[in-house]
Amino acid sequence: MKRIAYDMTTSIVTLSFFAPMDRTAHSESADNSTPLQQPTVTQSPSNLQVDTNLFNNGSSAFQAYEHQGTLYITNNGVASSEIYINGKIIPAHQIFHSKNGKTMKLDIGRYTGNGTNTIQFKNIQPEGASLHVSIPYPTLIKTPKEAIHSSKIFQRVDELIDQEVTNGFPGAALIVVKDGKIVKNTAYGFAKKYDAHTLLQHPQKMKEDTMFDIASNSKMYAVNYALQKLVSEGKININARVQDYIPEFKDEPTDLVKGKDKLCLIDILHHCAGFLADPQYHNPKVSKDLYSQERDKTLQMMLKTPLQYEHGTKNIYSDVDYMLLGYIIEKVTGQRLDDYVENTIYKPLGLTHTLFNPLQKGFQPNDFAATELAGNTRDGVISFPNIRTYTLQGEVHDEKAFYSMSGVSGHAGLFSSTGDLAVLLQVMLNGGGYGNVKLFDRSVIDTFVQSSSLNPTYGLGWRKNADSSMKWMFGPYASRSTVGHTGWTGTLTVIDPDNNLGIVLLTNKKHSPLIDPKIDANKFAGDVFQTGKYGAVVTRVYEALGIAQKQ
């Protein structure tokens, strides 16, 4: 029978297959196809996919894609056995001639399919011998550009964005992941075309590796990833009260709405905690007694921020929610948010273009897509102490993040590229890991993407394609299981597990003049283009891939 060994230090399940005491002969014939590539002796990775309980002659599930997959087997005295992938026997006799205790690496890409696969061992001999089996998470494969260009399947996508760039849209970068492969990775337009309000004679072209201020996508790829990891490790409970982590989080005597003592993390994640949308800590005209442009002070002002409505009664998307969650992560880990996510999430994944405060960490302004032309002034209609007036490039645009939180906040501040974000969204599609790196459990993902009873389009932080109101973001073809998020600067991520599909669209739509700042200080010329509204691009991506059945 197969037994399960659970390593609490790394949250890994190792499969151990044992020969049964009583066994009947198996009569299925072996596969006569060309033998697999010769297995090589190696060391088994330390972080692998989690498998479910499997008894003798049962099967265990793993995530993989066509023509991809690696199997690590450590032989402990097995002389013979039959190995099945998706019900098909594979020729792996070399495994059983290996020395005891040696780990063999076997390519199983010929037998894998897109999505959930199964592995099965039968007729292990002799009695008492065992096999230890592990399978890493899938990693992305790059489709050759020549193959993408020659197929022209994304021609309508390119035509839309290219035409809008011709008509004045600043720029964009798009990456599409399907069935474990990067099937499109394209840059359009310009990373910087203005210096203040002057058009550059030689604008800076957008590149595939251009980095973007991803704004509120920081909430997902910094805070949610950190929370999903910490919940998987048993270090955070989303049903616990905020006071369990920050005891000083209490109602003030003058607060009109009470209830901070009952507020739980799950309320904050559902954006129904009771906070106003934007207290503008950086602006004394708005924040008044809560004004702060010092990070430590801002954290204290955040704790004093009064509730505006009874928690759990309605949804108001609030930056305070994720500022507070970021602070809880810092309390639990003992590290500043950027240190924690960069060292425990991004670096293990090999990501080099995902970080906070990049200009302080070796990057140059030209590495980034520019945002607002005149700092945070909205063409002169907004003013507050220390306001920036120059064109922003490589500095977080969000005012609370930059002025009040030193560039590191749970709601905004993260920079990334399409390539790095493709890896991060593939972690979700894989069920919590990538290659030999496990970040969180699939069951935790399932919890975080479950719809709120108050509003089905809200998961725990994630936005869900739960009804037609989300077409503006997900288009008409995304499955109901699709989740994602947007960022104010012009960024979108879409994760569709039913279709093994991920889309990252990063734009610098705010790198354009305001239409009329006196009427609307937040409406930029880039906002009115279809590329900047997201849905049209997402729709054409689905159509290009032949996924055109409306939900």
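Not measured: the values here are computed from a predicted model.

Criteria and cut-off values
Each chain has its residues counted from 1, running along the sequence as written. Local features in this predicted model are restricted to residues whose pLDDT is 70 or higher, and side-chain atom pairs enter the listing and the counts only when it is 80 or higher, whereas totals over whole chains, interfaces and linings include all residues. For the side-chain quantities, the full set of heavy atoms in the structure was used; hydrogens and water were omitted. Here a strand is any run of E in DSSP of at least two residues, a helix any run of H or I of at least four, and the numbering for each starts at the N terminus. Per-residue accessibility, obtained with a 1.4 Å probe over protein chains only, is compared with the maximum for each type, and a residue is labelled buried under 20%, exposed over 50%, and partly exposed between these values. Between N or O atoms, a polar contact is any pair within 3.5 Å; within protein, one atom must be a potential hydrogen donor and the other a potential acceptor, and residues adjacent in sequence are included only when both atoms are from side chains. Note on ring pairs: Phe, Tyr and Trp rings are taken, using the six-membered ring of Trp, and paired if centres are within 6.5 Å. Classes follow the plane angle, with under 30 degrees stacked, over 60 edge-to-face and the rest tilted. Throughout this description, the term charge over a ring refers to an Arg CZ or Lys NZ atom that lies within 6 Å of the ring centre and within 35 degrees of the ring normal. Residue contacts are defined here by distance: any two heavy atoms, one from each residue, within 4.5 Å place the two residues in contact. In this scheme, a helix's expected span is set at 1.5 Å multiplied by one less than its residue total. Cavity means a closed set of points on a 1 Å grid over the protein atoms alone, one where a 1.4 Å probe fits but cannot get out, pocket means an open set with protein on both sides within 12 Å along at least 5 of 7 lines, and lining means a residue has an atom within 4 Å of a point. Grid points are joined across faces, edges and corners, and a volume is the space filled by probe spheres set on the points. Under the scheme applied here, ten amino acids are nonpolar (Ala, Val, Leu, Ile, Met, Phe, Trp, Tyr, Cys and Pro), four are charged (Asp, Glu, Lys and Arg), and all others, including Gly, are polar. Strands pair, by our definition, only if DSSP identifies at least two bridges between them. Any carboxyl oxygen of Asp or Glu that lies within 4 Å of a side-chain nitrogen of Lys or Arg is treated as forming a salt bridge with it. Helix axes are fitted only over the stretch in contact, all axes being lines through C-alpha atoms; the angle between N-to-C directions runs from 0 to 180 degrees.

### Considerations on the side chain of serine 287
Structurally, serine 287 can be placed in helix 6 (residues 284–287). Overall, the relative accessible area of 7% leaves serine 287 in the buried class. A polar side-chain atom of serine 287 sits 3.3 Å from the main-chain carbonyl oxygen of glutamine 280. A distance of 2.8 Å separates a polar atom in the side chain of serine 287 from the backbone oxygen of asparagine 283.

### Observations concerning the packing of aromatic side chains
Evaluation of the coordinates by the stated rule reveals 11 aromatic pairs. Ring geometry for phenylalanine 169 against phenylalanine 529: centres 5.5 Å apart, planes inclined by 65 degrees, an arrangement best described as edge-to-face. Here the residue phenylalanine 169 occupies a position in the loop between helix 2 (155–166) and strand 12 (171–178), and phenylalanine 529 occupies one in the loop between strand 23 (501–507) and helix 14 (530–533), the gap between them amounting to 360 residues. The pair formed by phenylalanine 169 and phenylalanine 529 is uniform in burial state, with each residue classed as buried. An aromatic cluster of three or more residues is present, and its members are Tyr221, Tyr225, Phe440 and Trp462. Here the basic side chain of lysine 122 rests over the ring of tyrosine 84, its NZ or CZ set 5.0 Å away from the ring centre. When the ring centre of tyrosine 309 is taken as origin, the NZ or CZ atom of lysine 314, which lies over that ring, is 5.0 Å away.

### Some details on helix 7 (residues 295–304)
Those residues of helix 7 not exposed but buried are Arg295, Thr298, Leu299, Met301, Met302 and Leu303. Against helix 8 (319–333) and helix 10 (399–404) lie the buried residues of helix 7.

### As for helix 3 (residues 218–232)
With 15 residues, helix 3 should cover 21 Å at 1.5 Å per step; its first-to-last C-alpha distance of 20 Å lies within 8% of that length. The buried fraction of helix 3 amounts to 14 of the 15 residues, a majority that puts the element mostly inside the structure.

### With respect to empty space enclosed by the protein
Using the criterion set out here, one finds 1 cavity of 30 Å³ or more in the structure. Considering only enclosed or pocket space, the largest cavity measures out at about 40 Å³ in volume. Taken together, Asn465, Asp467, Ser468, Lys471, Gly475, Pro476, Tyr477, Ala478, Arg480 and Gln551 make up the full set of residues lining the largest cavity. Grouping the amino acids of the lining of the largest cavity by side-chain chemistry returns 3 nonpolar, 4 polar and 3 charged.

### Regarding unusual backbone geometry
A cis amide bond links glutamine 125 with the next residue in sequence, proline 126, at an omega value of 0 degrees. Following the sequence through the fold, proline 126 ends up in the loop between strand 9 (115–125) and strand 10 (130–134). Phi is positive for asparagine 86, which is not a glycine, with a value near 55 degrees. Residue classification places asparagine 86 among the partly exposed positions, given a relative accessible area of 36%. We note that arginine 378 has phi near 50 degrees; this positive angle belongs to a residue other than glycine. Checked against the element boundaries, arginine 378 lands in the loop between strand 16 (355–356) and helix 10.

### Let's talk about the sheet that holds strand 17 (residues 414–416)
The strands making up a sheet are joined through hydrogen bonds of the backbone, oriented either antiparallel or parallel. Read from one edge to the other, the open sheet built from 3 strands follows the order 15-17-16, with strand pairing classed as antiparallel. With partners counted over all chains shown, the strands left at the sheet margins are strand 15 (212–213) and strand 16, one partner each. Sheet topology places strand 16 next to strand 17; 2 bridges connect them, and they run antiparallel. When the bridges of strand 17 are listed, phenylalanine 356 appears paired with leucine 414.

### Here's the deal with the pattern of salt bridges
Think of it this way: side chains of opposite charge can pair up when their charged atoms draw near. A full pass over the atoms with the stated rule returns 21 salt bridges. For lysine 229, the salt bridge is made with glutamate 233, and the minimal N-O distance between the two is 2.8 Å. When its relative accessible area of 31% is taken as the criterion, glutamate 233 is described as partly exposed. Among the ionic pairs, glutamate 233 bridges to lysine 235, the shortest N-O distance being 3.4 Å. One salt-bridge network, held together by shared partners, links Lys219, Asp278, Asp319 and Lys400.

### A few points about the side chain of serine 232
Relative to the assigned elements, serine 232 resides in helix 3. Not counting chain neighbours up to four residues away, the residues in contact with serine 232 comprise Phe440, Asp441 and Val444.

### A short note on the layout of surface pockets
If you add up the space inside the largest pocket, you get close to 650 Å³. Lining of the largest pocket is provided by 31 residues; of these, Asp278, Asp319, Asp398, Lys400 and Trp488 occupy positions nearest its centre. For the lining of the largest pocket, the secondary structure elements donating two or more residues are helix 10 and strand 21 (483–487). Top contributing element to the lining of the largest pocket by residue count: strand 21, with 3 residues. Only helix 1 (145–151), strand 13 (181–195) and helix 11 (418–430) provide two or more residues apiece to the lining of the second largest pocket. The greatest single-element share of the lining of the second largest pocket, amounting to 5 residues, is contributed by helix 11.

### Points about the sheet that holds strand 6 (residues 80–85)
One open sheet holds the 4 strands; their spatial order is 4-9-6-7, and the pairing between them is antiparallel. Sheet topology places strand 4 (60–64) and strand 7 (88–90) at the edges, where each strand pairs with a single neighbour. Shown here is a sheet whose adjacent strand axes are inclined to one another by a mean of 35 degrees, direction ignored. Relative to strand 7, strand 6 is paired through 3 bridges, and the arrangement is antiparallel. Across the sheet, tyrosine 84 pairs through a bridge with isoleucine 89, a residue of strand 7.

### Quick notes on the pairing of strand 12
Within strand 12, 8 of the 8 residues are buried, which leaves the element mostly enclosed by the surrounding structure. Taking every second residue as pointing to the same face, both faces of strand 12 are buried, with Gly171, Ala173, Ile175 and Val177 on one and Ala172, Leu174, Val176 and Lys178 on the other. Where strand 12 and strand 13 come together, 8 bridges link them in antiparallel fashion. Among the inter-strand pairings, isoleucine 175 is bridged to a residue of strand 13, identified as asparagine 185. Following strand 12, the chain reverses through 2 residues before pairing antiparallel with strand 13; aspartate 179 in that reversal takes a positive phi of roughly 50 degrees.

Scope: geometric values only; no functional claims are made or implied.
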